[in-house]
Amino acid sequence: FFSSRRRHTRFKCDWSSDVCSSDLMGVAQALVTVAAPAATLEALVEDRADVCVVSGFNGLLPAIEKGAAVKVVGAAQQTAALAVYASRPDIKRVADLAGRTVGIGPDLGLLHVTAIALLRAKGVDPASVKFVNVGANAEVYRDVKASKIDAGVSDVSNMADAEKSRLVTLPDGKMWREIPDYPYQLAYASDRAIRGNRDAIVRILAAYGRMFRFLSAADSFPAYRQARVAGGDPSEEAARAAWAYFQGEQPYANSPLTTAARLEFLQKLHVSVGLQKALLPVETIADLSLARDAAKLI
């Protein structure tokens, strides 16, 4: 990475525990932390940050429909790193979830909406499932493991522990394969920052694109493991499970690019569940030229 401080932008993330700065591709980056994914969007709208590169927040497009001055500028992880885990051995396929209790997060949050998309993809009526809000990703897996719920949607990093704990990872419940068009982690920036600091955002996207491509390489595990430990997750088992997913499925291979077709898939899903009222033109919700320009720098 270049060390020049010629350009400055602020980078917004919802997963870091510390405020810090570093030089990326000639851009001085300042990480700003928030407590929840929705607060990431608020920081951009309130001009406390410029861009968010990594976010699994599914309230972005509905917020744009309501007038939020932000746009999608790219993507990080391209497909949903989520699987359905079951505590009951008689639940072997997604079709077996009908009539069962399935753990999710908040109503129409990320876990709920992806679960609906998965059920529809497998021909199961979502109304036949008893969804239970048990909290975030980790809490869902915890309650499946404790047999408090029949099944639940949680992260791929739990797959090794699930096998050891004799839980069922549904073979047709691996969302990166069953709903491959779902754009899992979008990058987005404020309209103000795009107008006034476009070059810096392009360079930030390029820098993260380099990191994502390094993460996709076969020699990246030590660095990935170290990063997870620094972020507060000491489990080597979880790190290896997630890294194996990165290697096998290559969800970061095309970052920071995304497509209008993937955004259309997401909008149609949102409209169908009531998160959006109508499909918006792609130019209203996205400026994909920034990611294309970033890809040229990688």
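Heads up: the structure comes first, above all this text.
Summarised in this report is the structure supplied together with it. Because the structure is predicted, anything quoted here is derived from the model rather than measured.

**Some words on the overall build of the chain**
Then step 1. Helices and strands together make up the secondary structure of the chain, namely 13 helices and 11 strands.
Then step 2. On C-alpha atoms alone, the chain measures out to a radius of gyration of 19 Å, which is about the 19 Å that the 2.2 N^0.38 rule sets for 298 residues.
Then step 3. For the chain, the spread of C-alpha atoms along the three principal axes comes to 60 × 45 × 30 Å.
Then step 4. Within the span of the chain, comprising 298 residues, buried residues form 53% of the whole.
Then step 5. Sequence-distant contacts in the chain: of pairs separated by 6 or more residues, those separated by 24 or more amount to 72%.
Then step 6. Split by element, the accessible area of the chain, about 12800 Å² in all, is 53% carbon and sulfur.

**Considerations on the packing of helix α3 (residues 110-121) against helix α11 (residues 260-273)**
Then step 1. One way to put it is that α3 packs onto α11 with a least axis distance of 11 Å and a crossing angle of 95°. Relative to α11, the element α3 is oriented roughly perpendicular. Contacts between α3 and α11 involve Val 113, Ile 116, Ala 117 and Arg 120 from the first element and Leu 269, Ser 272 and Val 273 from the second.
Then step 2. A per-class count over the contact of α3 with α11 returns five nonpolar, one polar and one charged.

**Observations regarding the packing of aromatic side chains**
Then step 1. The final tally for this structure, using the stated rule, is eight aromatic pairs.
Then step 2. Ring centres of Tyr 85 and Tyr 141 lie 5.3 Å apart, and the angle between their planes is 80°; this geometry places the pair in the edge-to-face category. Residue Tyr 85 is found in strand β6 (residues 82-86), and its partner Tyr 141 is found in helix α4 (residues 137-145); the two are separated by 56 residues along the sequence.
Then step 3. Aromatic ring contacts, followed pair by pair, group Trp 176, Tyr 208, Phe 212, Tyr 224, Tyr 245, Phe 246 and Tyr 252 into a single cluster.

**Some thoughts on the pattern of salt bridges**
Working definition: two side chains of opposite charge can pair if their charged atoms are close together.
Then step 1. Considering all chains together, one arrives at 19 salt bridges under this definition.
Then step 2. Arg 198 is paired through a salt bridge with Asp 293; the nearest N and O atoms lie 3.0 Å apart. Placement of Arg 198 in helix α8 (residues 198-215) and of Asp 293 in helix α13 (residues 289-297) is noted, with a sequence separation of 95 residues between them.
Then step 3. Looking at Arg 198, the relative accessible area reads 29%, which means it is partly exposed.
Then step 4. Take Asp 293: its relative accessible area is 26%, and that puts it in the partly exposed class.
Then step 5. Notably, a salt bridge pairs Arg 228 with Asp 233, separated by 2.5 Å at the nearest N-O pair.
Then step 6. Under the relative-accessibility criterion, Arg 228 is labelled buried at 16%.
Then step 7. Under the relative-accessibility criterion, Asp 233 is labelled partly exposed at 25%.
Then step 8. Bridged by salt links that share partners, the residues Lys 145, Asp 161, Lys 164 and Glu 237 form one connected network.

**Structural notes on the packing of helix α9 (residues 221-230) against helix α10 (residues 236-249)**
What describes two packed helices is the angle between their axes and the distance between those same axes.
Then step 1. Closest axis-to-axis distance for the α9/α10 pair is 10 Å, and the angle between their directions is 130°. One finds that α9 runs oblique with respect to α10. Remark: the crossing between α9 and α10 carries right-handed chirality. Contacts from Phe 221, Tyr 224, Arg 225 and Arg 228 in α9 reach Glu 236, Ala 238, Ala 239, Arg 240, Ala 242, Trp 243 and Phe 246 in α10.

**Focus: the nonpolar core**
Then step 1. Judged by nonpolar contacts, the single largest core of 94 residues is most densely connected at Leu 60 and Leu 97.
Then step 2. No other element matches α8, which puts 10 residues into this core.
Then step 3. In this view, Leu 60 contacts Leu 41, Val 70, Val 72, Leu 186 and Tyr 188; residues no more than four positions away in its chain are not counted.

**A few points about the sheet that holds strand β10 (residues 168-174)**
Then step 1. Reading across the sheet, the five strands line up as β8-β7-β9-β6-β10 and stay open at both edges, with mixed pairing between neighbours. Because the sheet does not close on itself, it has two edges, and the strands there are β8 (130-133) and β10. Averaged over neighbouring strand pairs, the angle between their axes works out to 35° when direction is ignored.
Then step 2. Both β6 and β10 contribute to a ladder of three bridges, which runs antiparallel. Each residue of the ladder has a partner; that of Ala 83, found in β10, is Lys 174.
Then step 3. The strands that α3 touches are β6, β7 (101-104), β8, β9 (151-155) and β10; relative to β8, the one it contacts most, it runs at about 160°.
Then step 4. In this fold α4 packs onto β6, β7 and β9, with an angle of close to 140° to the strand it touches most, β9.

What counts, and at which threshold
- Residues numbered from 1 in each chain as written.
- Predicted model: local features only at pLDDT ≥ 70, side-chain atom pairs only at ≥ 80, totals over all residues.
- Heavy atoms only, no water.
- Helix = DSSP H or I, 4+ residues; strand = E, 2+ residues; numbered from the N terminus.
- Rg over C-alpha atoms; globule rule 2.2 N^0.38 Å.
- Buried < 20%, exposed > 50% of the residue type's maximum accessible area, 1.4 Å probe, protein only.
- Contact = heavy atoms within 4.5 Å.
- Areas by Shrake-Rupley, 256 points an atom, 1.4 Å probe, with all protein chains shown as cover.
- Axes fitted to C-alpha atoms, helices over the stretch in contact; angles between N-to-C directions.
- Parallel < 35°, antiparallel > 145°, perpendicular 65-115°, else oblique.
- Nonpolar A, V, L, I, M, F, W, Y, C, P; charged D, E, K, R; others polar.
- Phe/Tyr/Trp six-rings, centres within 6.5 Å; stacked < 30°, edge-to-face > 60°.
- Salt bridge = Lys/Arg side-chain N within 4 Å of Asp/Glu carboxyl O.
- Left-handed = near helix turned anticlockwise from the far one by under 90°.
- Core = buried A, V, L, I, M, F, W, Y, C linked by side-chain atoms within 4.5 Å.
- Pairing = 2+ DSSP bridges.

It is worth stressing that arrangement in space is one thing and function is another; only the former is reported here.
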